[in-house]
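Residue-level structure breakdown
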Amino acid sequence: MDKILEGLVSSSHPLPLKRVIVRRVVESAETPLSQAQCRAMFALSTRLVLQGPDPFQRQVGRQVLEAYGRYHRAEFEAFFNRGLVLGLLQRGYGELSNRDPAILDYIQAGLRLIMSCPSVLELFELLQVEALRLVCERPAPPLCARLCQLLGDFPQCLPRGRKLSLAFCQQLVRSIAHFQSQGTREAELRLYVSQVTQVSGLLRSVWKAEPDTLLPSLQELFAVISAADTSFEPSVALASLVQHIPLQMITVLIRSLTTDPNVKDASMTQALCRMIDWLSWPLAQHVETWVIALLKGLAAVQKFTILIDVTLLKIELVFNRLWFPLVRPGALAVLSHMLLSFQHSPEAFHLIVPHVVSLVQSFKRDGLPSSTAFLMQLTELIHCMMYHYSGFPELYEPILEAVKDMPKPTEEKIKLILSQSAWTSQSSSLPSCLSRLSGKSETGKTGLINLGNTCYMNSVIQALFMATDFRRHVLSLNLNGCNSLMRKLQHLFAFLAHTQREAYAPRIFFEASRPPWFTPRSQQDCSEYLRFLLDRLHEEERTLKALSSAKTSETPCMGSEERTLIEKMFGGKLKTTICCLNCKSMSQKEEAFTDLSLAFCPPTSLENVGPKCMERSEVKDDYMVQTNTLATSPTGETPLNNLEVNGGCDTIMNEGTIKDFSAEPNSENTTNSELHKVQDNRDMSQRLVGKNTLSVTDLLNYFLAPEILSGDNKYYCEKCASLQNAEKTMQIIEEPEYLILTLLRFSYDPKCHIRRKILDNVSLPLVLELPPSGADEVTCPQLVPYLLSSVVVHSGVSSESGHYYSYARNVTGSGPSGLCHQSTALSLLDTEMPREWFLFNDSRVTFTSFQSVQKITSRFPKDTAYVLFYKKRNSTCGFNTSSANGLWVNGDPPLQKDLMDAITKDNKLYLQEQELSARTQALQAASASCSFRPNGFDDNDPPGSCGPTGGGGGGGFSTVGRLVF
C-alpha cells in the first residue's frame, strides 16, 4: 500500500483520479498490517506531511497518517516516540529546519492520535522543556504563534512548576518584543496581527490559571520597554498584552512604578514613550487607560521633567494617530490628557497647531457619524487650549475659521476642564508616607500668599481681579517699557490668571502699592488701602497722559482718552443740593467718587425713610463731603473722592466734613461729645439688631434720603445772609460701572481708645437697584440694576486686629444669570450656577455659594461684610470683550509676549520646585516606600488669624493605510 501511495503522488494521473485513489488508500487503513508495513506507511506519510512539494501531497500525507494512526494505535505509539519528537524539535526533518511551523503542525497531529496512550505523558514532559527552550530562542511570529496554538490545545505541555512557569511567561514577553512584521500588504499585516493575538492569548490563559505569573511578566515587560539600548527597539506588538492585564491592578501597579526609587528617570521616560507608541497597535484595548494612568501617576509625585520630555517628544505622533479610525479613540483620549495637563507653556499645543486644520477638513469630508463625533470632541479640546493660551491670533485664526460651525463649549465648562486637568491638580495616588504637594486648587483660581498681615491687600486684589471688565482692561493695556504701578498690577493679574502655582507672592506689587503711613507687617484697613490704590492708579495715568501729550513725538505709554481707566470703571458723580427753607434758594455741587461709605442707623428709622434732622454741628458750603486730598489733581480739576454720608450713627461732622474713623482713629479734631454720639448711636443700632435686619438697600436709601439741617446744624444761606433751616438732598447723577460700597463698621471708643466694630448683620442683595440720573418724586423711572460681584469680609472685633477675606464671582456686563429685578434674583437663589462663587482666603481658594455669603455673620458673629463690589448690569464699559476676529476666546485679551514669557518661565520654575521637593520627600520615605511588587502599599475655613502663612471608531482594515505600526 505504501508503494501505491508513493507512486500515486509522483504520477501524472489527473487530479480527480488521484483523489479517488487516496480515498481508497485511506479506507484500506482498516485492514490488518504488519508492524513493518505500518512503520513504512507512517514514515511515508510523515515525509509527505513535512516535505511534500505541493499542498496536495501534504494534505494526502496528513489524511493517511491520521487514518492509519487511528486504526493502528500501538504501532503509531511506537513510531511517534520521544526520540522522533525530540529530533524534530532540535534537528528538524531532512532539509526542513526545526524552526519551521510545519514541525509543530506534525507534532500536534501526532499528540491527538496518542492522547489515550501511556507514552503521551512522556511526550508532555519533553514538550514542557522544549517549549521553554524554544521561546528562549526568540521564535519569529509564525513559529511562536504555532507553538502557542499547540500549547493552547494541549496545556499539559506548558512548563510546570513556579520557576519554569515564570521563566516561560517572561521569555514569551521577550519574544513578543522581538516580533517584526515581514510584509506591508494588507493580507500580510492581517496575518501578523492574528499571530500576535495568538501569542498574547496564551499568556492571558497562563496568567488566569496561575495568577502569580502576572506581576513578574509585567516586570519583564517594563524592563524591556525601559531599556536604554538604542540598538534594539521593542516591537509595538507588546501592546497586545495590555488588554489582558486586569484594570483593577492599575492603581497598585502605577503607584508602585512611579514611586520605586530604583526606576530612573531615563528608564521611565523611555518606557512611557514606548507605551505611547503602542497606540499604533490596531487591536489593543485599554492602552490609553494605562498611558493616562501612568501620566497621572507621574504628575502625582511631581515628576514633571519626565512629563515635559515625553509630551514634547510624542505629542505629534499621538495627534497623527487621529487619522486612523481604528486607533482614533485611544489616541484622542491620550492627546486630550497630554494637552490639557501641559498648562505651564503653549509649546506642546503649538506643535500640533499646524496640523489641526487639515485633520478637521478630513473629518468634515468623511461625513460619517463616528467622524463627526470625534470632530466635536477635538473641537472642544482645541477651544480649551486656545482659551488657555489666547495670545497667538496669527496661529489660531485658521483653526477658528475651520471649526466656526462646530459647537463651542461654554466658558464655565472650559474653566472646569482646565482646572481638573493640570498636572498640579491631579488627584494623588501616593502611599501614606508621601504627602502630595498641591498645585492650583480645583477652582482653577490662584491664591495670594500672606506676606505678613497683608490680608487687607490680598482681599482687595482678589475683588479687583474678579471685577471681570476691569481685569480685561488692565490686561489689554500696552505698557511695554513702563515701570508704573498699573504695569505691576497688570503683571499681578496676568500671574493670577495663568500661573500654575497654588498661590502667588505679590511682593513687588505690595511694596509699590503700600501707603507710606502703613506700618509693614501690621494689620491695616482694607477700605483705606483700596481708596489709596485706586487714587494712585488714577493720578499715575493722568500724569503719564500729560507727559505723553507734551512729547508727541514719542509713543504714549497709555491711551490718550480723556477719562482714566479708574474713572471709567469706578468713577461716578454725586450731586448735592441744599434748599433754604426760608427763601427757597438752592445751591448745588457735583462731586466725583470712587466708592460710597454707608453709615449704620437704627433699623426703625428705615421703615419710612423721611427727612433726616441734622443738629449739633456747623455745616457750610462744602456739604459734608470729604475729599480725598491724595486725589487732588495738579490741573485743579475735580478729583475722585470717597463720599461718606452722615447717618448720625458712625460719622462725625466737623467744620462741614465727615470724619471717617476707620481712616483717622486718632484725629485731634474729634471732640469727646461727638465720639460719645458715635458710641451711643452704635449701641442703639446694636440694641435693635434683634428686631430688624438691615440690608444694603436700607443703608443706601438712608444715604440718599433728604436731610433737614436745623438747630446747631443750620445752613448758612448766602441770599438770606444768615443761618437758616434747610433741606439737603443727594443724587447719583452718573452711575459707575462698578459701584463700591463701604459699610462704616468702625467707631472710636474714647474710653478704651480703640475703634470698636459694629457687628450688625446686613443683608446683601444679589441685585441692587439705583435710581437713574434725573429721577424725581413725580416720575417712576426704570431703576438701574447692579449685580453683586465681590464681598470683602472682616473677621474680628476691631480694625486693629482680625483678618480679611473675600467672596467673589465672575460677573460681566450681562451678568451670570441675566437677572433684572431683585425679586427674580431672590427666586433664583436656590438655582444659581453651581460653583459660581469663590472664597479667597489668602493662599486658600475654595468653591462656595451665595447662601454662605449671606449667612456668614449668623454663623460667625465676628465676620461681617465690609466692602462690596456691584457691577452695573447690561453694560460692557465701552469695552469689547472679544476681538474683531473672535480670537479672545476666553473673553480676556491676549497677553503681551513679555508677560507670557515671564509666566511660562515661572511655571517651569514652579514645576522644578515641586519635583525637587517631591524627590526629597521620596528619599526621606525610601525606607517605607515599596518597589514594583503587588502588595507593597496600605490600601481632605473662612475665619482665621492673619499671619505670614496666610489664612487657613471605524471598523475593519479597509485599506493598508488603516493599519498603523
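Residues numbered from 1 in each chain as written. Predicted model: local features only at pLDDT ≥ 70, side-chain atom pairs only at ≥ 80, totals over all residues. Heavy atoms only, no water.

Now for the nonpolar core. In summary, soluble globular proteins display a tendency toward joint burial of nonpolar side chains. Within the largest apolar cluster, 207 residues are counted, with the highest numbers of intra-cluster contacts made by Leu-111, Leu-335, Ile-461 and Phe-470. Excluding residues that lie within four positions of it along the chain, Leu-335 makes contacts with Ile-315, Val-318, Phe-319, Leu-322, Ile-352, Leu-378 and Leu-381. Among the nonpolar cores identified, the runner-up in size contains 39 residues, and Phe-600, Leu-739, Val-784 and Leu-868 belong to it. (Core = buried A, V, L, I, M, F, W, Y, C linked by side-chain atoms within 4.5 Å. Buried < 20%, exposed > 50% of the residue type's maximum accessible area, 1.4 Å probe, protein only. Contact = heavy atoms within 4.5 Å.)

What follows covers the packing of aromatic side chains. One pass over the structure, following the stated rule, counts 22 aromatic pairs. For the ring pair Tyr-456 and Phe-518, a centre distance of 5.5 Å and an interplane angle of 75° mean the geometry is edge-to-face. On the criterion of sequence distance, the pair formed by Tyr-456 in helix H23 (residues 455-465) and Phe-518 in the loop between helix H26 (507-513) and helix H27 (526-550) is long-range, its members being 62 residues apart. According to the relative accessible area criterion, Phe-518 is buried, its value standing at 2%. An aromatic cluster of three or more residues is present, and its members are Phe-42, Phe-76, Phe-79, Phe-80 and Tyr-106. Directly above the ring of Phe-838 sits Lys-445, whose terminal nitrogen or CZ lies 5.1 Å from the centroid. When the ring centre of Phe-465 is taken as origin, the NZ or CZ atom of Arg-471, which lies over that ring, is 4.8 Å away. (Phe/Tyr/Trp six-rings, centres within 6.5 Å; stacked < 30°, edge-to-face > 60°. Helix = DSSP H or I, 4+ residues; strand = E, 2+ residues; numbered from the N terminus. Lys NZ or Arg CZ within 6 Å of the ring centre and 35° of its normal.)

What follows concerns the pairing of strand E20 (residues 803-809). Extensive coverage of E20 is indicated by the burial of seven of its seven residues. Of the two faces of E20, both are covered, the one formed by His-803, Tyr-805, Tyr-807 and Arg-809 as well as the one formed by Tyr-804, Ser-806 and Ala-808. Of the strand pairs in this sheet, strand E19 (residues 784-795) and E20 are connected by six bridges, and their pairing is antiparallel. For Val-793, the partnering residue across the bridge sits in E20 and is Tyr-805. (Pairing = 2+ DSSP bridges.)

What follows deals with empty space enclosed by the protein. The gaps of empty space that remain are located by a probe, the size of a water molecule, rolled over the atoms. In this structure, the largest cavity encloses a volume near 210 Å³. Around the largest cavity, the lining comprises 14 residues; the ones closest to its centre are Leu-221, Ile-245, Leu-257, Met-275 and Trp-290. Mapped by element, the contributors of at least two residues to the lining of the largest cavity are helix H12 (214-225), helix H14 (250-259) and helix H16 (287-300). For the lining of the largest cavity, the per-class residue count stands at 14 nonpolar, no polar and no charged. (1 Å grid on protein atoms, 1.4 Å probe; cavity = no way out; pocket = protein on both sides within 12 Å on 5 of 7 lines; lining within 4 Å. Points joined across faces, edges and corners; volume = space filled by probe spheres on them. Nonpolar A, V, L, I, M, F, W, Y, C, P; charged D, E, K, R; others polar.)

This next bit is on the side chain of Gln-462. By the element assignment, Gln-462 lies in helix H23. We classify Gln-462 as buried; its relative accessible area is 2%.

Time to look at the packing of helix H8 (residues 120-136) against helix H10 (residues 162-177). Relative to each other, H8 and H10 sit at 30°, their axes nearing to 8 Å. Overall, the two elements H8 and H10 adopt an arrangement that is roughly parallel. The handedness of the crossing between H8 and H10 is left-handed. Packed against H8, whose contacting residues are Ala-131, Leu-132, Val-135 and Cys-136, the element H10 presents Leu-164, Ala-167, Phe-168, Gln-171, Leu-172 and Ser-175 at the interface. Split into classes, the residues belonging to the contact of H8 with H10 amount to eight nonpolar, two polar and no charged. (Axes fitted to C-alpha atoms, helices over the stretch in contact; angles between N-to-C directions. Parallel < 35°, antiparallel > 145°, perpendicular 65-115°, else oblique. Left-handed = near helix turned anticlockwise from the far one by under 90°.)

Attention shifts here to the pattern of salt bridges. This model, assessed by the stated rule, comprises 27 salt bridges. Between Glu-186 and Arg-190 there is a salt bridge, with the nearest N and O atoms lying 3.3 Å from each other. Here Arg-190 and Glu-186 lie together in helix H11 (residues 186-209), a separation of four residues that amounts to about one turn. For Arg-190, a relative accessible area of 42% corresponds to the partly exposed category. (Salt bridge = Lys/Arg side-chain N within 4 Å of Asp/Glu carboxyl O.)

The next subject is the environment of Gln-182. Its location among the elements puts Gln-182 in the loop between H10 and H11. On the basis of relative accessible area, Gln-182 is assigned to the exposed category, the value being 74%.

The next subject is unusual backbone geometry. Within the chain, Asn-453 stands out as a residue other than glycine whose phi angle is a positive 60°. Mapped onto the elements of the fold, Asn-453 is located in the loop between strand E1 (447-448) and H23. What makes Asn-453 partly exposed here is its relative accessible area of 22%. At Lys-584, a residue that is not glycine, the phi angle is positive and equals roughly 65°. Secondary-structure assignment places Lys-584 in the loop between strand E3 (572-580) and strand E4 (586-598). By relative accessible area, Lys-584 is classed as exposed at 54%.

Two elements in contact, H23 and helix H25 (residues 485-498), have axes separated by 11 Å at closest approach and are oriented at 80°. The angle between H23 and H25 falls in the class roughly perpendicular. Contacts between H23 and H25 involve Ile-461, Gln-462, Leu-464 and Phe-465 on the former and, on the latter, Leu-489, Leu-492, Phe-493, Leu-496 and Ala-497.

So, about H23. Burial analysis of H23 places 11 of its 11 residues in the buried class, which makes it a mostly covered element. Residues of H23 that are buried: Cys-455, Tyr-456, Met-457, Asn-458, Ser-459, Val-460, Ile-461, Gln-462, Ala-463, Leu-464 and Phe-465.

Attention shifts here to the pairing of strand E14 (residues 738-743). Taken across its six residues, E14 has six buried, putting it largely inside the fold. Summarising the sheet, E4 and E14 pair through three bridges and their orientation is parallel. By the bridge assignment, Leu-596 is partnered in E14 with Leu-741. Sheet topology note: the E14/strand E23 (residues 863-872) ladder contains five bridges and is antiparallel. By the bridge assignment, Ile-740 is partnered in E23 with Phe-869.

Let's shift gears to the environment of Gly-802. Tracing the sequence through the fold places Gly-802 in the loop between E19 and E20. Residue class for Gly-802 comes out partly exposed when judged on its relative accessible area of 26%. For Gly-802 and Gln-524, which are 278 residues apart along the polypeptide, the C-alpha to C-alpha distance reads 9.7 Å.

With that out of the way, let us pick up the state of the cysteines. According to the stated counting rule, one finds zero disulfides in the structure shown. Looking at the unpaired Cys-526, the closest cysteine sulfur is the one in Cys-455, lying at 8.6 Å. We classify Cys-526 as buried; its relative accessible area is 0%. (Disulfide = S-S within 2.5 Å.)

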